[in-house]
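A structural walkthrough
Each chain, letter by letter, is given below.
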Amino acid sequence: MKFTPAGGHVHVRARYEPATRHWVLRISDTGIGIPASFLDSLFEPFQRAANANRRRGSGLGLFITRGIVERHGGTVTATSTEGTGSTFTVELPLHPVSLRKRGES
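So, here is what we can say about the structure in this document. (Residues numbered from 1 in each chain as written. Predicted model: local features only at pLDDT ≥ 70, side-chain atom pairs only at ≥ 80, totals over all residues. Heavy atoms only, no water.)

Comments concerning the overall build of the protein chain
- Across its full length, the protein chain carries 1 helix and 4 strands.
- Secondary structure elements of the protein chain, listed N to C terminal, follow the sequence β-β-α-β-β.
- In the protein chain, buried positions account for 25% of the 105 residues.
- Residue pairs in contact within the protein chain that sit at least 24 positions apart in sequence constitute 49% of those at least 6 positions apart.
- Summed over its atoms, the accessible surface of the protein chain is roughly 7,300 Å², and 56% of this surface lies on carbon and sulfur atoms. (Helix = DSSP H or I, 4+ residues; strand = E, 2+ residues; numbered from the N terminus. Buried < 20%, exposed > 50% of the residue type's maximum accessible area, 1.4 Å probe, protein only. Contact = heavy atoms within 4.5 Å. Areas by Shrake-Rupley, 256 points an atom, 1.4 Å probe, with all protein chains shown as cover.)

Focus: the sheet that holds strand 2 (residues 22-29)
- Pairing in this open sheet of 4 strands is antiparallel, and the strands run 1-2-4-3 from one edge to the other. In this open sheet, the two edge strands, each paired with only one partner strand, are strand 1 (10-17) and strand 3 (75-81). Strand-to-strand twist of the sheet, defined as the mean angle between neighbouring strand axes without regard to direction, takes the value 15 degrees. (Pairing = 2+ DSSP bridges. Axes fitted to C-alpha atoms, helices over the stretch in contact; angles between N-to-C directions.)

Below, the structure written as structure tokens:
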């Protein structure tokens, strides 16, 4: 919502995929979008696209989100077109993997 201007839209959809036994959460907006050249580093800490500099933030939100999702056995991906909007997809297994302490195998 932070990157969607007044009059824009944010859509949130969730569905269960029986074939993969995953929940899929998809968040799409009609915001400023993300430059294609930045998509590869989007989930790294303290990264902010050049067109996001007018909005407050530390560049940690997506990094933290990815960490939480992956610790639960899921994935998070993004697609975007600059000036048009972005879509973030989170997939989480119905039964998350057991969370282990770091360093355990």
